[in-house]
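Structure at a glance
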Amino acid sequence: MKASIMVLPGDGIGPEVTSKAIAVLEKIASKYGHEFTFNEALMGGIAIDKFGTALPDETLRLGEQSDAILLGAVGGPKWDNPTAPVRPEQGLLKIRKHFGLFANLRPVKTYPALIEYTPLRPEMLEGVDMLFIRELTGGIYFGPRQEAGDGDSSYDTMLYTRPEIERVAHVAFRAAQGRRKKLTSVDKANVLAVMRLWRKTVVEVHEDYADVALEHLLVDAMTMHLLTRPSSFDVVVAGNMFGDIITDEASVLSGSLGMLPSASLASERFGLYEPIHGSAPDIAGQGKANPTGTILSTAMLLRYSLDLETEAQAIEQAVENVLAEGARTADIAHGGSFISTDEFAQAILNQI
Ligand code: IPM
Ligand code: MG
């Protein structure tokens with residue numbers, strides 16, 4: 001198969017981890033007889049410095065000609081001022097909207113090798129394996145808003161239409177069918193009108209998926225249940241802002257932020273793939289970054305955008321093996337010995 005992938009290294013450790021992910025994809029290409037081309041473009045602080053905007057049009061055009069996008073991370077202290085008119089995260093929001101990346105998949109599982117380093121008791125984490133599906137192009141992130149300017153009031157609006165809820169619900173139910181057939185929908189239907197529409201629509205979509213068990217949880221209760229019964233969750237679907245918050249909470253269950261991948265999907269296979277960690281400017285350029293989240297994101301890229309399931313699993317298996325062998329990057333070494341980003345990536349390449 002031929003595929004062209006736009007790579008957005010971004011800021012901080014972004015370039016280090018994306019270069020390792022490319023090496024993994026190249027290895028997969030040579031082993032399984034594919035031809036992948038990689039085209040780098042700018043987004044984030046680096047784009048602000050060069051072009052005065054977090055997401056130049058040139059990057060969007062290149063993305064339109066690609067089969068998928070691989071992103072490192074954006075942001076850093078240099079561009080941190082939340083009131084600055086141009087900020088790195090604007091690039092993220094704009095690219096999500098531009099490519100219609102409405103379904104954000106964030107798998108969270110606990111690796112047996114890391115279980116003792118999570119903040120919960122090990123026995124609570126056995127069997128934790130969840131897939132969060134966060135709606136990514138609607139809700140309060142994109143509803144009508146007003147900045148205070150010189151005035152005294154500001155607002156953001158949590159707005160969802162029925163079709164927006166339906167399409168993400170279909171993604172979630174289909175994902176549940178391919179897993180343990182359980183879906184938890186997170187809302188705040190006791191208070192918010194928009195969340196009553198959310199719940200009603202999810203219940204309607206459920207009619208097409210009789211084999212999936214559906215549970216509704218209010219978002220405040222969800223934050224508790226995530227810590228008291230994490231292994232009971234299979235697929236979890238939530239709106240944009242609640243999904244943002246609960247996926248950060250869930251990420252600590254894995255042992256390290258550096259481990260977790262994500263996919264942001266549009267309707268036709270196109271997607272953007274990135275680790276869930278940030279740009280970690282404090283460790284940039286020191287060989288301390290954990291490339292696993294980005295490498296596992298390439299597995300998601302192969303699975304969802306290129307339909308290469310065998311190749312995706314080869315990467316996931318390689319990561320499991322390397323961890324089982326005891327290889328650790330600094331973030332998951334917990335005082336023990338660790339190897340560099342390069343060495344860790346090389347160990348994964350060797351396994352493939
Ligand atoms: C995320 C991040 C972004 C979000 C920020 C950086 C805009 O927190 O991808 O979860 O809120 O969506
Ligand atoms: Mg977030």
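Residues numbered from 1 in each chain as written. Chains lettered and ligands numbered in written order. Predicted model: local features only at pLDDT ≥ 70, side-chain atom pairs only at ≥ 80, totals over all residues. Heavy atoms only, no water.

Re the overall build of the protein chain
On a plain count of helices and strands, the protein chain comes out with 12 helices and 12 strands. Looking at the 352 residues of the protein chain, the share that counts as buried comes to 53%. Here the analysis covers contacts within the protein chain between residues at least 6 apart in sequence; of these, 75% occur between residues at least 24 apart. Side chains of the protein chain give 32 positive and 46 negative charges; the mean places of these two sets differ by 3 Å. (Helix = DSSP H or I, 4+ residues; strand = E, 2+ residues; numbered from the N terminus. Buried < 20%, exposed > 50% of the residue type's maximum accessible area, 1.4 Å probe, protein only. Contact = heavy atoms within 4.5 Å. Lys, Arg positive; Asp, Glu negative; His and termini not counted. Charge placed at Lys NZ, Arg CZ, Asp CG, Glu CD.)

Quick look at the site of ligand 1
For ligand 1, the full set of nearby residues is Glu-89, Leu-92, Arg-96, Arg-106, Arg-134, Tyr-141 and Asp-244. Within the side chain of Arg-106, a nitrogen or oxygen atom sits 3.0 Å from an oxygen atom of ligand 1. Between an oxygen atom of ligand 1 and a side-chain N or O atom of Asp-244, the distance comes to 2.9 Å. When ligand 1 is considered free in solution it has 320 Å² of accessible area, and contact with the protein chains removes 69% of it. (Near = heavy atom within 4 Å. Polar contact = N/O pair within 3.5 Å; in protein donor to acceptor, adjacent residues only side chain to side chain. Areas by Shrake-Rupley, 256 points an atom, 1.4 Å probe, with all protein chains shown as cover.)

Let's talk about the pattern of salt bridges
Scanning all chains against the criterion turns up 19 salt bridges. Ionic pairing is found between Lys-188 and Asp-220, a salt bridge with its closest N-O pair at 3.1 Å. One end of the pair, Lys-188, is in the loop between strand 8 (182-187) and helix 7 (193-206); the other, Asp-220, is in helix 8 (residues 219-228), and 32 residues separate them in sequence. Measuring nitrogen to oxygen at the nearest pair gives 2.9 Å for the salt bridge that ties Glu-316 to Arg-303. With Glu-316 in helix 11 (residues 309-324) and Arg-303 in helix 10 (residues 292-304), this residue pair connects regions lying 13 residues apart in the sequence. Using a relative accessible area of 23% as the deciding quantity, one classes Glu-316 as partly exposed. The exposure class assigned to Arg-303 is buried, which follows from its relative accessible area of 19%. Through salt bridges that share partners, Asp-129, Arg-179, Arg-180 and Asp-234 make up one connected network. (Salt bridge = Lys/Arg side-chain N within 4 Å of Asp/Glu carboxyl O.)

A few points about the nonpolar core
Membership of the largest hydrophobic core comes to 86 residues, with the highest contact counts inside it found for Phe-36 and Ile-133. It is helix 6 (residues 162-177) that provides the largest number of residues to this core, a total of eight residues. Shared between two domains, this core takes at least three residues from each, and those domains are domain 1 (1-106 + 255-352) and domain 2 (119-253). Discounting chain neighbours no more than four positions away, the residues touching Ile-133 are Asn-104, Leu-105, Val-168, Val-171, Ala-172, Ala-175, Val-235, Val-236, Val-237 and Ala-238. Of all hydrophobic cores here, the second largest spans 16 residues; its members include Met-6, Met-43, Leu-101 and Ala-266. (Core = buried A, V, L, I, M, F, W, Y, C linked by side-chain atoms within 4.5 Å. Domains from an automatic or database assignment.)

Considering the domain arrangement of the protein chain
The assigned domain composition of the protein chain is domain 1 (1-106 + 255-352) and domain 2 (119-253). Relative to domain 2, the C-alpha centre of domain 1 lies at a distance of 24 Å. Contacts between the two partners involve 15 residues from domain 1 and, on the opposite side, 17 residues from domain 2. Between domain 1 and domain 2 the total buried area reaches about 1500 Å² when both faces are included, carbon and sulfur atoms providing 62% of it. Counting across the domain 1 and domain 2 interface gives zero salt bridges. Listed by contribution, the elements that provide at least two residues to the side of domain 1 that touches domain 2 are helix 4 (88-98) and strand 4 (103-109). At four residues, the largest contribution of residues to the side of domain 1 that touches domain 2 is made by strand 4. Taken together, the residues of the side of domain 1 that touches domain 2 sort by class into eight nonpolar, four polar and three charged. (Buried area = accessible area lost by both parts, 1.4 Å probe. Nonpolar A, V, L, I, M, F, W, Y, C, P; charged D, E, K, R; others polar.)

As for unusual backbone geometry
Within the chain, Arg-269 stands out as a residue other than glycine whose phi angle is a positive 70°. Relative to the elements of secondary structure, Arg-269 occurs in the loop between strand 11 (261-265) and strand 12 (271-275). You can call Arg-269 partly exposed: its relative accessible area is 43%. Phi angles above zero are rare outside glycine, and Asp-307 is one such case at about 60°.

Some words on the packing of helix 1 (residues 14-32) against helix 11
The N-to-C vectors of helix 1 and helix 11 enclose an angle of 130°; their axes lie 11 Å apart at closest approach. Taken together, helix 1 and helix 11 sit at an angle that is classed as oblique. When the axes of helix 1 and helix 11 are compared, the crossing they make is right-handed. The segment helix 1 lies against helix 11, with Val-24, Ile-28 and Tyr-32 engaging Thr-310, Glu-311, Ala-314 and Ile-315. Here the contact of helix 1 with helix 11 is built from residues that sort into five nonpolar, one polar and one charged. (Axes fitted to C-alpha atoms, helices over the stretch in contact; angles between N-to-C directions. Parallel < 35°, antiparallel > 145°, perpendicular 65-115°, else oblique. Left-handed = near helix turned anticlockwise from the far one by under 90°.)

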